2 protein chains.
Amino acid sequence: MLNTACVCTIGDEILIGQIIDTNSSFIANKLNLLGYKVESMVSIADNLESIVATINSLIENHKIVVVTGGLGPTKDDITKQALSIISNSKSLVYNQSQLSLIKEICKVREIELSDLNRDQALVPDTSEVIINYRGTAPGHIFTIDKNGYKSYLISLPGVPYEMEDMIDRALSTISTYEKSTSFIYHKVINTFGIPESVLANKISDWEDSLPKGVHLAYLPNPISGVKLRLSTYSGDFADSIKKVDESAISLSDILKDDIYGYEDDTLESIVLSILSSMNMSLSIAESCTGGSITSRLVSIPNSSKVIIGGITAYSNDIKTKILNVNSNTIDLFGAVSKECAEEMAIGIKNNFNSDYSIATTGIAGPSGGTEKKPIGLLWIAVATPNGVYTHKFVSKGDRIRNIQRFSSESLNFLRKIIINSFH
Amino acid sequence: MLNTACVCTIGDEILIGQIIDTNSSFIANKLNLLGYKVESMVSIADNLESIVATINSLIENHKIVVVTGGLGPTKDDITKQALSIISNSKSLVYNQSQLSLIKEICKVREIELSDLNRDQALVPDTSEVIINYRGTAPGHIFTIDKNGYKSYLISLPGVPYEMEDMIDRALSTISTYEKSTSFIYHKVINTFGIPESVLANKISDWEDSLPKGVHLAYLPNPISGVKLRLSTYSGDFADSIKKVDESAISLSDILKDDIYGYEDDTLESIVLSILSSMNMSLSIAESCTGGSITSRLVSIPNSSKVIIGGITAYSNDIKTKILNVNSNTIDLFGAVSKECAEEMAIGIKNNFNSDYSIATTGIAGPSGGTEKKPIGLLWIAVATPNGVYTHKFVSKGDRIRNIQRFSSESLNFLRKIIINSFH
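Residues numbered from 1 in each chain as written. Chains lettered and ligands numbered in written order. Predicted model: local features only at pLDDT ≥ 70, side-chain atom pairs only at ≥ 80, totals over all residues. Heavy atoms only, no water.

Bringing the environment of K243(A) into the picture now. All names here are of chain A. With respect to the helices, strands and loops of the structure, K243 is situated in helix α10 (residues 237–255). On the basis of relative accessibility, which here comes to 29%, the residue K243 falls in the partly exposed class. Distance from K243 to T232, taken between C-alpha atoms, is 8.9 Å for residues eleven residues apart in sequence. Excluding its chain neighbours within four sequence positions, the residues that come into contact with K243 are P211, K212 and V214. (Helix = DSSP H or I, 4+ residues; strand = E, 2+ residues; numbered from the N terminus. Buried < 20%, exposed > 50% of the residue type's maximum accessible area, 1.4 Å probe, protein only. Contact = heavy atoms within 4.5 Å.)

Another point: the confidence of the model for chain A. When pLDDT is averaged along chain A, the result is 91; 98% of the residues meet or exceed 70. In the predicted assembly, ipTM is 0.73 and pTM is 0.77. (pLDDT = per-residue confidence, 0-100.)

This paragraph deals with the packing of helix α3 (residues 48–61) of chain B against helix α4 (residues 79–86) of chain B. Residues and elements named next belong to chain B. Remark: α3 packs on α4, axes separated minimally by 9 Å, with the N-to-C direction vectors making an angle of 50°. In terms of orientation, α3 and α4 fall into the oblique class. The interaxial crossing formed by α3 with α4 has right-handed handedness. Counted together, L48, I51, V52, I55 and N56 of α3 and T79, Q81, A82, I85 and I86 of α4 form the full contact between these two elements. Taken together, the residues of the contact of α3 with α4 sort by class into seven nonpolar, three polar and no charged. (Axes fitted to C-alpha atoms, helices over the stretch in contact; angles between N-to-C directions. Parallel < 35°, antiparallel > 145°, perpendicular 65-115°, else oblique. Left-handed = near helix turned anticlockwise from the far one by under 90°. Nonpolar A, V, L, I, M, F, W, Y, C, P; charged D, E, K, R; others polar.)

It is characteristic of soluble globular proteins that their nonpolar side chains tend to be buried jointly. The biggest cluster of nonpolar side chains holds 65 residues, and the ones touching the most others in it are L282(A), L297(A), I307(A), L282(B), L297(B) and I307(B). Not counting residues up to four positions away in its chain, the partners in contact with L297(A) are E268(A), V271(A), L272(A), L282(A), I284(A), S303(A), I307(A) and L411(A). Grouped together as the second largest cluster of nonpolar side chains are 46 residues, A313(A), V336(A), I348(A) and I318(B) included. (Core = buried A, V, L, I, M, F, W, Y, C linked by side-chain atoms within 4.5 Å.)

Another point: the side chain of T54(B). All names here are of chain B. Within the secondary structure layout, T54 lies in helix α3. Residue T54 is classed as buried on the basis of its relative accessible area, which comes to 18%. Ignoring anything within four residues of it in the chain, the contact list for T54 reads C8 and I44.

Position of S247(A) among the secondary structure elements: in helix α10. Setting aside its immediate chain neighbours within four residues, S247(A) contacts W206(A), L210(A), P211(A) and L230(A).

Moving on: the domain arrangement of chain A. Per the domain assignment, the segments of chain A are domain 1 (4–177), domain 2 (185–262) and domain 3 (267–421). Spacing between the C-alpha centres of domain 1 of chain A and domain 3 of chain A amounts to 45 Å. (Domains from an automatic or database assignment.)

This paragraph deals with helix α15 (residues 338–352) of chain A. All names here are of chain A. With 15 residues, α15 ought to run about 21 Å at 1.5 Å a step, and its terminal C-alpha atoms sit 21 Å apart, in line with that. Those residues of α15 that fall on the buried side of the exposure criterion are C340, A341, M344, A345, G347, I348, K349, N351 and F352. A positive backbone phi angle near 55° is found at N353, which sits one or two residues after α15. (Expected span 1.5 Å × (residues − 1).)

All names here are of chain B. Tallied over the entire structure, the rule returns four aromatic pairs over all chains. Both rings, one in F393 and one in F406, keep their centres 6.5 Å apart while their planes meet at 80°; by these two values the pair is edge-to-face. Linking F393 in strand β17 (residues 387–394) with F406 in helix α16 (residues 399–421), this pair joins segments that are 13 residues apart in sequence. Given the relative accessible area of 13%, F393 is considered buried. Of the residues examined, F406 reaches a relative accessible area of 0% and is grouped as buried. Here K63 stacks its cationic end above the ring of Y149, 4.0 Å away from the centre of that ring. Here R134 stacks its cationic end above the ring of Y161, 4.0 Å away from the centre of that ring. (Phe/Tyr/Trp six-rings, centres within 6.5 Å; stacked < 30°, edge-to-face > 60°. Lys NZ or Arg CZ within 6 Å of the ring centre and 35° of its normal.)

Here is the structure:
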């Protein structure tokens, strides 16, 4: 139990399935980096009795318990009351730094300061306060003494944007009290385009010969492909890291350019970084993907160095008028065709004067499919300084899933064309 | 404990924070609809001992336990082994229906059928199988007899797309065994544009006078605004529903058009349904939002009836060349200005020949801000058959957060303009 941790999220909205808990995952990552292994994640309701009972039992069994949620200004938020009970606090006191921030936030947002806002700065007298610079509810650290052995209870707001700014400060405060003795090391290898079972067969020999103590996990995802995670939890630190890194290198010899990146690399971040390093620009013409390729690329900081712009040509009129697709092409082959995709790619490349361009045309569903051109059919074209390349893809999902897979498949095709054209 | 349930997700990838668990939320929704209250959600590692111990303890305390994950074809997936132990299964048997589907899936995907694939159809002989039509791993129901009192253990794949297609069939099988006696009723009211604390003050009197047994929760979210959830868990069925519905109606008298919808309504689905009902078309010109407004609209089925298309005009060249923004306007006022937004909206409306248009120009960050035009500044323009309207907005987040808020604020401004122009 020395270095184990637990994440507990509080809120009826989680238990009735109204919101998806993204905090636990974010916090687990941070705990891992400090060498704490997360043994479980628990979500419970806004109920005083069950909050107190659950946290008391978790703190009994873990070195660090991180709790999020229930710190808001409204009447359904009761975590602070529970924290007072758990930490044996005698009274609530105003934290002056947080109070000043609350006043400032109200001023910027042009909201009158209410009692609800002001009382957000009230904290149990047992709390070591973590200031919330992005919102009004402060966070807390409580040191719980169990017969001379200390555990730490961290309580943070449930709003991810606020919590994400506070967790590092909370954990680094604890790090000054406790030196972690163990370590955890992960390496994630990101692949795209090979189904999980095919991948498993392809790397089966490599998997069987992994060094002792190195564990492999498969993480399939329609948007990011199959990620492979190598982990080690024990042994000599330097030696274990070396084993994991060497295993990753031997894997890249097998999978080659089916690996698009590592760790948090995404298809869009990789495409942008390659184009940016070559000083090349890109424009995008989308039909069925409706802006999703463009928005994935634009979400990356500094994408404006590469991305000139894009067109969502949802109607055929726009395809002919703005992208200069020949109307005969649409009459002869249809809007969802290799030929139309090619002309869209050429049209936007010329019109936007970019070095590269990508175009998509397909059928996302739920209607519009035919026997010859079923729902899920996509044509992708990439225009480069040396020519135009096309790729056909079929997805078998609902509308949203198809659009997601279309945009990932398109970005991956673009990535492969760019890599090869520089060889 | 009669009607309580628990959701348990299995997978190291969850505990190390590599993936976000979306299954629990989806399943909780389904359990609620059947009248089962979800008391907790738990995530645990791919470890045989802890899977068996955790599920045994959960099944002891709940009527239904839904488990996802760990059913894949690869070596780290051990849930099936745990299920055999928990349900006292003597052997694994092939399920012929799932085996046929696996063969078919391999054929369609042009993959050779491997032992790994084939063995996905092996199930404990105690399992009532839920066929997986979207993947290779079948699901299971186990009936656990506890001295004459029955509980149900459901095990489904962790891939959301597969699980989502199977959960209804699993729960309806259980419904034929057990009639639920209690009920849960929720109503969700979706607001946009009012901060949580201002909203709380505005509806404070209404909140204080809510009928007994009707509970209110605030669910703030940067993309969808503050949702208000009214819930009732007890009392006479018809009477409780009436109380909740009447409370929602009196709330709509207070908040008026700050309410954009109910339940799963989104800003984009509402904008589309209003425009569609009026037979009006829309085009979109985006700068800093980079296609995210267009892709949110296009993600809605049948959006092609309304959406003609969009342009992401990331560079000034495209703004002048394709959207006909006067280059003097950019020189005089800058690309991020009321004037530029107006000309972009008019430009795309004329160019794409739509009834309505919306245009955005702003600074998403992390660079590009100045003292006068800080990061987070957005100008929105909406062109209608009757004129052009503009709105200024300031967001205080990082790049991704700013783009999300920009697109929501834009859709909400568009919604208000459309509603008013039809008054």
